[in-house]
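# Structure assessment
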Amino acid sequence: MVLLNFLFYASPIGAIRVEYTQQGISSLRFVEHMGENHTDNPELEQLIITDLQGYFTQKNYVWKSAVAPHLGTEFQEKVWNALHAIPAGEAWTYRDIALKIGQAKAAQAVGNANGQNPVLLRIPCHRVIGSNGAMVGYAGELWRKEWLLNHEGYAGLNQQMSLF
């Protein structure tokens with residue numbers, strides 16, 4: 001039996017709920033309100049909290065907690081694995097990801113898979129932008145995507161915004 005644990009974290013951009021098992025994080029999303037934590041693994045809970053603190057206080061933090069396996073389809077998993085190749089401070093387009101996974105004509109499908117990412121931040125879907133450099137789509141809301149990219153040192157948004 002797999003026990004579902006969850007914790008809430010007060011980030012600078014809103015409350016976060018993390019769901020996890022012994023295998024790793026299965027869901028990380030922004031929520032409206034904080035709640036009570038539930039864990040049968042205090043060590044893993046502390047590792048995830050440490051990761052969240054590290055991410056929000058350091059520009060190039062490297063996560064230590066694992067992502068639970070088999071959260072999506074084979075194609076989604078391929079896209080999500082490719083997202084890990086995007087360094088903090090950079091942003092790739094959906095087409096870039098499609099090329100990375102060897103399916104050059106799958107940019108729209110990559111966008112759909114990106115939008116289904118259940119583990120925000122840890123699987124960095126916020127580092128994907130439109131082909132014209134615009135911020136498009138983010139389950140955590142676009143203002144958070146902008147904050148996250150700026151926090152990680154992505155200069156493209158500032159350059160784009162200064163044009164107007």
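Below: a short report on this structure. For clarity, every value in this text was computed on a predicted model and none was experimentally measured.

All right, on to the packing of aromatic side chains then. Summed over all chains, the structure comprises 5 aromatic pairs. Note on Tyr 55 and Phe 56: the rings are 5.1 Å apart at their centroids and 85° apart in plane angle, and the pair reads as edge-to-face. Each of the two residues, Tyr 55 as well as Phe 56, counts as buried. Considering the side-chain rings of Phe 56 and Trp 147, the 5.9 Å spacing of their centres and the 45° angle between planes classify their relative orientation as tilted. Here the residue Phe 56 occupies a position in helix H1 (residues 42-57), and Trp 147 occupies one in helix H5 (residues 142-151), the gap between them amounting to 91 residues. Exposure remark for Trp 147: the relative accessible area of 29% places this residue in the partly exposed category. Three or more aromatic residues joined by ring pairs form one cluster here, namely Tyr 9, Tyr 55, Phe 56, Trp 63 and Trp 147. Here the guanidinium or amino end of Arg 17 rests over the ring plane of Phe 6, the centre of that ring lying 4.2 Å away. The side chain of Arg 144 reaches across the aromatic face of Phe 30, ending 4.3 Å from its centre.

What counts and how
Each chain carries its own residue numbering, running from 1 in the written order of its sequence. Since the coordinates come from a predicted model, pLDDT governs what is reported: local features require at least 70, and pairs of side-chain atoms require 80 or more to be given and counted, while whole-chain, interface and lining totals use all residues. Based on all heavy atoms of the structure, the side-chain values leave hydrogens and waters out of the count. Two rings from Phe, Tyr or Trp (for Trp, the six-membered ring) form a pair when their centres sit within 6.5 Å of each other. Planes less than 30 degrees apart are called stacked, planes more than 60 degrees apart edge-to-face, and all others tilted. Burial classes: relative accessible area under 20% of the type maximum marks a residue as buried, over 50% as exposed, and values in between as partly exposed (1.4 Å probe, protein chains only). Helix numbers and strand numbers start at the N terminus; a helix is a DSSP run of H or I with at least 4 residues, a strand a run of E with at least 2. Comment: the charge-over-ring label is applied if NZ (Lys) or CZ (Arg) is within 6 Å of the ring centre and within 35 degrees of the ring normal.

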